[in-house]
Amino acid sequence: MKPKIYAMIPARIGSQRLKLKNLSLLNGKPLIYYAIKAAKTSGVFDKIYVNSDDKIFKKIAKRYGVNFFNRNKKLGSSNTKSDEVVYDFLNNFPQADILVWVNSITPFQTNKEIKEIVNFFVRKKKLDSLITVENKKTHCNFNNKPLNYSVKSKFAKTQDLKKVQIFIYSLMMWKRKKFLNEYK
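Residues numbered from 1 in each chain as written. Predicted model: local features only at pLDDT ≥ 70, side-chain atom pairs only at ≥ 80, totals over all residues. Heavy atoms only, no water.

Q: How would you explain the pairing of strand β4 (residues 47–52) if you had to name every residue and give the values?
A: Counting buried positions along β4 yields 5 of 6 residues, so the element is predominantly enclosed. Here β4 runs beside strand β5 (residues 67–70); their pairing, made up of 4 bridges, is parallel. Bridge pairing links Ser 52 to Asn 70 in β5. Between the parallel elements β4 and β5, the chain passes through helix α2 (residues 56–63) in a crossover that is right-handed. (Buried < 20%, exposed > 50% of the residue type's maximum accessible area, 1.4 Å probe, protein only. Helix = DSSP H or I, 4+ residues; strand = E, 2+ residues; numbered from the N terminus. Pairing = 2+ DSSP bridges. Right-handed = clockwise from strand over helix to strand, strands pointing away.)

Q: Could you give an account of the sheet that holds β4, naming the residues involved and the relevant values?
A: Read across the open sheet, the 6 strands follow the order β5-β4-β1-β6-β10-β7; overall the sheet is mixed. Because the sheet does not close on itself, it has two edges, and the strands there are β5 and β7 (129–136). Here the strands of the sheet are splayed against their neighbours by 30 degrees on average, with no regard to which way each runs. Here helix α3 (residues 82–92) sits on the sheet in contact with β1 (5–11), β4, β5, β6 (98–102) and β10 (164–175), set at roughly 135 degrees to β6. (Axes fitted to C-alpha atoms, helices over the stretch in contact; angles between N-to-C directions. Contact = heavy atoms within 4.5 Å.)

Q: Pulling in residues and values, what's your account of the packing of α3 against helix α5 (residues 176–183)?
A: Across the interface, α3 lies against α5 with an axial gap of 11 Å and an inter-helix angle of 120 degrees. As judged from the angle between their axes, α3 and α5 are oblique. Of the two possible hands of crossing, α3 and α5 adopt the one that is left-handed. Across the interface between the two elements, Asp 83, Glu 84, Val 86, Tyr 87, Leu 90 and Asn 91 of α3 pack against Arg 176, Phe 179, Leu 180 and Tyr 183 of α5. When grouped by side-chain class, the residues that make up the contact of α3 with α5 number 6 nonpolar, 1 polar and 3 charged. (Parallel < 35°, antiparallel > 145°, perpendicular 65-115°, else oblique. Left-handed = near helix turned anticlockwise from the far one by under 90°. Nonpolar A, V, L, I, M, F, W, Y, C, P; charged D, E, K, R; others polar.)

Q: Got a sec to walk through the packing of aromatic side chains? Specific residues and values, please.
A: Evaluated as defined, the whole model comprises 15 aromatic pairs. Seen from their ring centres, Phe 179 and Tyr 183 are 5.7 Å apart, and the 25 degrees between their planes marks the pair as stacked. Here Phe 179 pairs with Tyr 183, and both are found in helix α5, just 4 residues apart, close to one helical turn. Phe 179 gets classed as buried once you look at its relative accessible area, which sits at 9%. Using a relative accessible area of 32% as the deciding quantity, one classes Tyr 183 as partly exposed. Sitting over the ring of Tyr 33, Lys 29 keeps its end group 5.1 Å from the ring centre. Positioned above the aromatic ring of Phe 121 is the side chain of Lys 175, whose terminal nitrogen or guanidinium carbon lies 5.9 Å from the ring centre. (Phe/Tyr/Trp six-rings, centres within 6.5 Å; stacked < 30°, edge-to-face > 60°. Lys NZ or Arg CZ within 6 Å of the ring centre and 35° of its normal.)

Below, the structure is given as structure tokens:
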């Protein structure tokens, strides 16, 4: 049986680094519009929800033809972990077999990328979760120690370095049962 795949586009009103970032205009449209459009035109979701702690996003969801989920205000703080938002959403939508977090501030993510990544996840039966990353060949330190180069040898050319993976969070996804079992 084909799994029910839900998209959740989280949108907090209280961003601290860039105030109202989800509502910032790009070519006359709020930033969140681009995530909604890409999710809708990807054709892989049974339902798409804007998940927010503020009713302004209800109007935006309605304007762009997607559903709205009004999460509890306490899940809109800067201290809230993404796992808490996912847990809350899955508890409110038990029919979702797979949940895909579509980042609201990735205006250049295409519907084709979403479709390819979601289909990859569905095909790979052994995957329980997925987070998008960017592979980079760049000199990288962690805790002031080299990760992919040596200070004891000549400075390596970037094309010769081992890739590091940087989480970009444009898409994250989970299988419902596995996430809920491990969240406890």
